[in-house]
Each structure stands twice: as structure tokens, then as C-alpha cells.
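Observations on chain architecture
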Amino acid sequence: MAQSYRGRFAPSPTGPLHFGSLLSALASYLDARANAGTWLVRLEDVDGTRCAPENHASIIHTLESYHLISDEEILIQSDRTDLYEHYLDQLRAQQQVYPCNCTRADLKAFGGLHSKRCDSSTDKPHSWRAQCDQGQYQYLDPIQGTQTFDLALDRNHPVLKRKDDYFSYQLAVVVDDHLQNITDIVRGADLLDTTGQQLWLYDQFGWQAPSLCHLPLIVNSVGDKISKQNHAKAIANGDLATLKAALSYLGYPNIPSALVTIETLLKWAVTHWSRTLPKAGNLPLAPEDQHFIQ
């Protein structure tokens, strides 16, 4: 018997919800509903230096104003550090991680990459890195096409736990997706670069990776993705025009003018959803949508 569809949207609360994040939330929600599945919200706040508690409520309130409501209790990663430590211990026992005393200055000559095991000690401040230098993975992305990852060519060992004791996105996202029984992930294409390392982690734990689908990114006039770092503004709560704009970037043509509420627009969008609607490649922000970043 096939496992029931379980999807999720997992924003980092480093600021209020912006237009690019709404696009990812909307696509993951529509995919779940079109597959009669469960849709979850998870707050990925493992980075305590960038995430603020006041953004938790703001993000949830904005999502709910667009009728994007989690089907189960919202999981908050900062409450789960003991769990991540347990799985890091498992990787230590398998000798798949190692301590690292290297600084950013040490790695500057290598473009910030850490390509081989260093001669470091736990006697000094250290991070823990994954020794993922072997492994080949491939999957068919419904939007981006066939994706192939050869970790021997990537030449980078990512940090799983930082020197300041904060866990990295890489470890936390894999652990939580597995423990929440997530079967399908719809997220931005900016995360493709780290997908191979996540597949490696699934492999080490002996877990089945979810089905992955990566959305094209909305970019500004110089090609930078719409993000908090690039001055994306908070979106208005419960705004029909904003929701219609997001649907247009997901490939919905000719939205009926008779749809005048968020609820009816979402129901219509679910019935017309297809993972093949958005195409690979970045999507330039339209002139009429510049207010989302200015």
C-alpha cells in the first residue's frame, strides 16, 4: 500500500514572510491538496543568531491570512536540539563526521569550501563536518529535470553542527522530514546545490528520501533571488491581488475574475494545479510587482 502524501512548508523565521516565500508555501500547499494529502508547517529556527521569536507569530499569522493552515501542530526546530544531537552521535559512531577547528579565514583560499578531513581536535572550539566525499545520487525533478550529484566532484564537507553549538540546516531538515514522514517536498531551486549532501545523509541513516520538486526562483533586475537578504518586503496579510500575483508565477493563466475571495481562489487553484506548470529557469519579477522589493 502506497504511503499517503505528506508535504510541508518550512520557512526560517529571520523576518516576516515575503513574496518569494509565499510562492513556495503556495506551491507546496497546492501540491498537497491536489494529491489529497497532508500539509504541514515547520519553523526552521536552528540558527539562533539570525532567527527571532517575534517572527514566528508573524509568519504563521500571514500564512493563515491566506488560508494556508498547517494540518498538524507546527513543529519548531529550536525545541529539538537533543534530537539532532542523537542523530549526530549516530554519525559519529559510524565515523561519518569529524571535528573541525578551521575558520572562515582558513577556508577563504578555497572559496569557503572544506574538501577534505582536517587535522583538528575537540580540545579547541570546533564544528562537526560530514565526511561526504563519496556517493552518487540521481533523481528526476518534475520541473528541473534529471538531477545528478557526484559528491566526489562537489569537494565540500558541510558543517552539521557549528562551533557555537547551533545545528545546521542540513542535518535538521533531513531528521525532521524523516520523523514527520514527509513524502513530497516542493521548494525553491536555490536548495538544489545542497540536495546531494542531504541525499547522502538519508543514505547514512538508511532512510528513504522524499520525492523532490524544485521551483524556479523569482529574481530581480540583476538576477538575485527575492529574499530577505536582497531587501524583499513583508507581504500584506490576506491580500487577494498578492495571491493572484503568486499564482501567475506558478503558471496559472487567465485567473477567472469571478474569484473574489482567497478561499474560492485557492479551491480553483487546487483543481488546476500541475507540477509541470512552472518551468525550469529563473523568473524575472514583473514591473508591476516591483513593490514586493521596494
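Being a predicted model, the structure only gives us computed values, none of them experimental. (Residues numbered from 1 in each chain as written. Predicted model: local features only at pLDDT ≥ 70, side-chain atom pairs only at ≥ 80, totals over all residues. Heavy atoms only, no water.)

1. Examining the pattern of salt bridges
Here is the rule: Throughout this description, the term salt bridge denotes a Lys or Arg side-chain nitrogen within 4 Å of a carboxyl oxygen of Asp or Glu. Here a helix means four or more residues in a row that DSSP labels H or I, a strand means two or more in a row labelled E, and each is numbered from the N terminus. The cut-offs for exposure are 20% and 50% of the maximum accessible area for each residue type, with area from a 1.4 Å probe on protein chains only; residues under the lower value are buried, those over the upper are exposed, and the others partly exposed.
For the structure on display, the rule yields 15 salt bridges. A salt bridge links Asp176 to Arg80; its shortest N-O distance comes to 2.8 Å. Taken together, the positions of Asp176 in helix H6 (residues 169–179) and Arg80 in the loop between strand S3 (75–76) and helix H3 (81–93) put the pair 96 residues apart, joining distant regions of the chain. The exposure classification of Asp176 matches that of Arg80, with both residues buried. Salt bridges here are not isolated pairs; linked through shared partners, they connect Glu85, Asp89, Arg92, Lys161 and Asp165.

2. Focus: the sheet that holds strand S4 (residues 97–100)
Heads up, the condition is: Whether two strands pair comes down to DSSP finding at least two bridges between them. Convention adopted: a line fitted to C-alpha atoms gives each axis, helices being fitted over their contacting stretch, and angles between N-to-C directions are expressed from 0 to 180 degrees.
Pairing is antiparallel in the open sheet, where three strands are placed in the order S4-S5-S8. The open sheet has two free edges, formed respectively by S4 and strand S8 (159–161), since each of these has just one partner strand. Across this sheet, the average inter-strand angle for adjacent strands is 45 degrees, counted without regard to direction. Of the strand pairs in this sheet, S4 and strand S5 (residues 127–130) are connected by four bridges, and their pairing is antiparallel. Within S5, the residue paired with Val97 across the bridge is Ala130.

3. Overview of the side chain of His56
Stated precisely, the cut-off is as follows: Any pair of nitrogen or oxygen atoms within 3.5 Å is treated as a polar contact; in protein, a donor-acceptor pairing is required on top of that, and neighbouring residues in sequence qualify only through side-chain atoms on both sides.
With respect to the element layout, His56 can be found in helix H2 (residues 53–65). In this structure the side chain of His56 is engaged in a polar contact, spanning 3.3 Å, whose partner is the side chain of Asp45.

4. So, the packing of H3 against helix H7 (residues 195–205)
For the record, the criterion: Here the angle decides the label: under 35 degrees means roughly parallel, over 145 means roughly antiparallel, 65 to 115 means roughly perpendicular, and every other value means oblique. Residues count as neighbours in contact if any of their non-hydrogen atoms are within 4.5 Å of one another. Any residue outside Ala, Val, Leu, Ile, Met, Phe, Trp, Tyr, Cys, Pro, Asp, Glu, Lys and Arg is labelled polar, Gly included; the first ten of those are nonpolar and the last four are charged.
Running from N to C, H3 and H7 point in directions that differ by 75 degrees, and their axes come no closer than 11 Å. By the angle between their axes, H3 is roughly perpendicular relative to H7. For the pair formed by H3 and H7, the contact residues are Tyr87, Gln90 and Leu91 on the first element and Leu201, Gln204 and Phe205 on the second. Its residues placed into classes, the contact of H3 with H7 shows four nonpolar, two polar and no charged.

5. Focus on helix H1 (residues 19–34)
It helps to recall that an α-helix has 3.6 residues per turn; residues three or four apart then point in one direction. Using the following cut-off: To estimate the expected span of a helix, count its residues, drop one, and scale the result by 1.5 Å.
Along its 16 residues, H1 runs 22 Å from first to last C-alpha, staying within 8% of the 22 Å computed at 1.5 Å per residue. Taking burial as the measure, the 16 residues of H1 include 14 buried ones, the bulk of the element. Positive backbone phi, at 50 degrees, marks Ala36, one or two positions downstream of H1.

6. Things to note about empty space enclosed by the protein
Regions of empty space are outlined by a rolling probe, equal in size to a water molecule, passed over the atoms. Cut-off, in case you're wondering: With a 1 Å grid spanning the protein atoms alone, the term cavity applies to any set of points in which a 1.4 Å probe fits but cannot get out, the term pocket to an open set with protein on both sides within 12 Å along at least five of seven lines, and the term lining residue to any residue with an atom within 4 Å of a point. Grid points are joined across faces, edges and corners, and a volume is the space filled by probe spheres set on the points.
Counted under the stated rule, the structure contains one cavity of 30 Å³ or more. Within this model, the largest cavity holds a volume of roughly 40 Å³. Lining the largest cavity are Asp177, Ile185, Arg187, Gln198, Leu199, Tyr202, Pro210 and Leu212. Looking at the lining of the largest cavity, the elements that each hand over two or more residues are strand S9 (184–188) and H7. Counting residues per element, the lining of the largest cavity draws most heavily on H7, at three residues. Split by residue class, the lining of the largest cavity holds five nonpolar, one polar and two charged.

7. Things to note about the sheet that holds strand S1 (residues 6–9)
The strand order across the open sheet built from three strands is S1-S2-S3, with neighbouring strands paired in parallel fashion. Both outer strands of the open sheet, S1 and S3, are each paired with one neighbouring strand and no more. Here S1 pairs with strand S2 (residues 38–43) via four bridges, running parallel. In the strand pairing of S2, Arg6 is matched with Thr38. Packing of H1 onto the sheet brings it into contact with S1 and S2, and relative to S2 it is tilted by some 150 degrees.

8. Considerations on the layout of surface pockets
Counted as a void, the largest pocket has a volume near 1,300 Å³. Lining of the largest pocket is provided by 41 residues; of these, Ser12, Tyr169, Asp190, Leu191 and Lys225 occupy positions nearest its centre. For the lining of the largest pocket, the secondary-structure elements that each account for two or more residues are S1, H1, H6 and S9. When residues in the lining of the largest pocket are grouped by element, the largest group, four residues, is from H1. Taken together, the residues of the lining of the largest pocket break down into 18 nonpolar, 14 polar and nine charged. One number sums up the size of the second largest pocket: a volume of about 510 Å³.

9. Looking at the packing of aromatic side chains
Note the following rule: When the centres of two rings from Phe, Tyr and Trp lie within 6.5 Å, Trp using its six-membered ring, the rings pair. Their planes under 30 degrees apart give stacked, over 60 give edge-to-face, and anything left gives tilted. Think of it as a cone above the ring: NZ of Lys or CZ of Arg counts as a charge over the ring if it is within 6 Å of the ring centre and within 35 degrees of the ring normal.
Tallied over the entire structure, the rule returns nine aromatic pairs. Between Tyr84 and Phe167, the ring centres sit 5.7 Å apart and the planes meet at 65 degrees, which makes this aromatic pair edge-to-face. Of this pair, Tyr84 sits in helix H3 while Phe167 sits in the loop between S8 and H6, placing them 83 residues apart in sequence. Summarising the burial analysis for this pair, Tyr84 and Phe167 share the class buried. Judged by centre distance (4.5 Å) and plane angle (25 degrees), the rings of Phe205 and Trp207 are stacked. Residue Phe205 shares its accessibility class with Trp207, and that shared class is buried. Feature note: the residues Phe19, Tyr249 and Phe292 constitute an aromatic cluster, connected by ring pairs. The ring of Trp128 carries Arg92 above its face, with NZ or CZ at 4.4 Å from the centroid.

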